[in-house]
Amino acid sequence: MFIPLKTDETWIEIHDSIDSTNTLAKKRAIEGVGDCYTVVAESQSMGRGRNGRSWHSPPAVNLYLSMVLNINQAAAGIATLMGAVAVMNSVKQLCPRPELVQIKWPNDVLIDGKKIAGVLGEFLSERPDCCVLGIGMNVNANISDLPDSPRWPATSLSIHLGGDLDRNTLLSSLLSELRSLRGTLESDRDSILEQVRKNSATIGRTVVLDSQNSGTIKCKAIGIDKDGFLLLQGPEGKMTVVAGDVDIVQDNGYY
Ligand code: BTN
């Protein structure tokens, strides 16, 4: 159960169950809500992930929220990376080994190599000055609550830390990280990008790029540029990945 936060509550609404916090936040954005307006839900019946995937959203164990950002177009590219940094920072505060919390480009948060959170940034044709940042975080989910993916395993904070967490405290810490980073999005984007680079699970790894023209290509991830795009060294030279996913080749050869 989420208790209303001790804060200015005009910018947050909390639901027991809705289809998707991103869908409702987009509606609120069109209605004209202010910057950082946030929708939170205990469960979602149609939670969305990136690339048309669904986001498994069982009730009362995890965090599902979406924040409306009124940003200029120049900042749009790194808004979703900012979401991943906010999640990473709030999770690091809880972990005895914070170095295990990393960002897999573009915006998954991993703990010890397993996914605990994903960020979905969506833009609105009706409001080009606006982005909705959706965050799903596995908090107290147990193994049976998690999607089954042998290729890229998922975990939750409670599985990793060995005990249930207070989701209200975590929500409050995540919202303050988001609001504080939001303040630097236009003025100091380099500091956000630097945090992504320093904590990247992708840079330095062999990755597989699914290219529409040439099928899958194995490359080395060599950096993240000033726009937040992934830089790859491929068999035929350097490439920049602007959007989409790349898979990291794991030690067991899976990707
Ligand atoms: C991904 O890793 O594919 C991104 C997952 C994003 C899921 C969150 S849960 C809250 C918000 N509402 C949605 O429908 N999706 C995002």
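This write-up is about the structure you can find in this document. Everything quoted here is computed from the prediction, not taken from an experiment.

Let us now look at unusual backbone geometry. As a rule of thumb, non-glycine residues mostly have phi less than zero, and peptide bonds are mostly trans rather than cis. At the junction of tryptophan 105 and proline 106, the peptide bond is cis and its omega measures out at 5 degrees in the coordinates. Structurally, the position occupied by proline 106 is in the loop between strand E4 (101-104) and strand E5 (108-111). Phi at alanine 60 is positive, roughly 65 degrees, even though this residue is not glycine. With respect to the helices and strands, the residue alanine 60 is situated in the loop between strand E2 (38-44) and strand E3 (63-70). Owing to a relative accessible area of 42%, alanine 60 belongs among the partly exposed residues under this scheme.

Right, let's talk about the nonpolar core for a bit. Of all hydrophobic cores here, the largest spans 58 residues; its most connected members are Leu65, Val91, Met137, Leu174 and Leu178. Broken down by element, this core gets its largest block of residues, 12 residues, from helix H2 (residues 73-92). Here leucine 174 is in contact with Leu63, Leu65, Ala86, Val87, Ser90, Ile135 and Met137, once residues within four sequence places are set aside.

It is worth spelling out the sheet that holds strand E9 (residues 215-224) at this point. What the five strands build is an open sheet, ordered E11-E10-E9-E8-E12; its pairing is antiparallel. The sheet terminates laterally at strand E11 (237-241) and strand E12 (246-248), the two strands that pair on one side only. Neighbour-to-neighbour, the strand axes of the sheet open up by a mean angle of 40 degrees, direction not taken into account. Two elements, strand E10 (residues 230-234) and E11, share five bridges in a ladder whose sense is antiparallel. Each residue of the ladder has a partner; that of leucine 232, found in E11, is methionine 239.

Quick look at H2 now. Because an α-helix packs 3.6 residues into every turn, residues spaced three or four apart end up facing the same way. Here H2 is 20 residues long and its end C-alpha atoms lie 30 Å apart, about the 28 Å a rise of 1.5 Å per residue gives. Maximum bend of H2: about 40 degrees, positioned at alanine 79. When you tally the buried positions in H2, you get 17 out of 20 residues, the bulk of the element.

This paragraph deals with the site of the ligand. As a matter of local geometry, the ligand sits amid 20 residues, with Ser20, Gln44, Arg48, Arg50 and Lys115 nearest to it. A distance of 2.9 Å separates a nitrogen atom of the ligand from a polar side-chain atom of glutamine 44. For the ligand, the protein covers 99% of the area, taking 410 Å² as the surface of the free molecule. Listed by contribution, the elements that provide at least two residues to the shell around the ligand are helix H1 (21-31), E3, strand E6 (114-123) and strand E7 (130-137). The element that contributes the greatest number of residues to the shell around the ligand is E6, accounting for four residues. Counted by class, the shell around the ligand contains six nonpolar, 10 polar and four charged residues.

What counts, and at which threshold
- Residues numbered from 1 in each chain as written.
- Predicted model: local features only at pLDDT ≥ 70, side-chain atom pairs only at ≥ 80, totals over all residues.
- Heavy atoms only, no water.
- Helix = DSSP H or I, 4+ residues; strand = E, 2+ residues; numbered from the N terminus.
- Buried < 20%, exposed > 50% of the residue type's maximum accessible area, 1.4 Å probe, protein only.
- Core = buried A, V, L, I, M, F, W, Y, C linked by side-chain atoms within 4.5 Å.
- Contact = heavy atoms within 4.5 Å.
- Pairing = 2+ DSSP bridges.
- Axes fitted to C-alpha atoms, helices over the stretch in contact; angles between N-to-C directions.
- Expected span 1.5 Å × (residues − 1).
- Bend = angle between axes of the 7 residues up to and from the residue.
- Near = heavy atom within 4 Å.
- Polar contact = N/O pair within 3.5 Å; in protein donor to acceptor, adjacent residues only side chain to side chain.
- Areas by Shrake-Rupley, 256 points an atom, 1.4 Å probe, with all protein chains shown as cover.
- Nonpolar A, V, L, I, M, F, W, Y, C, P; charged D, E, K, R; others polar.

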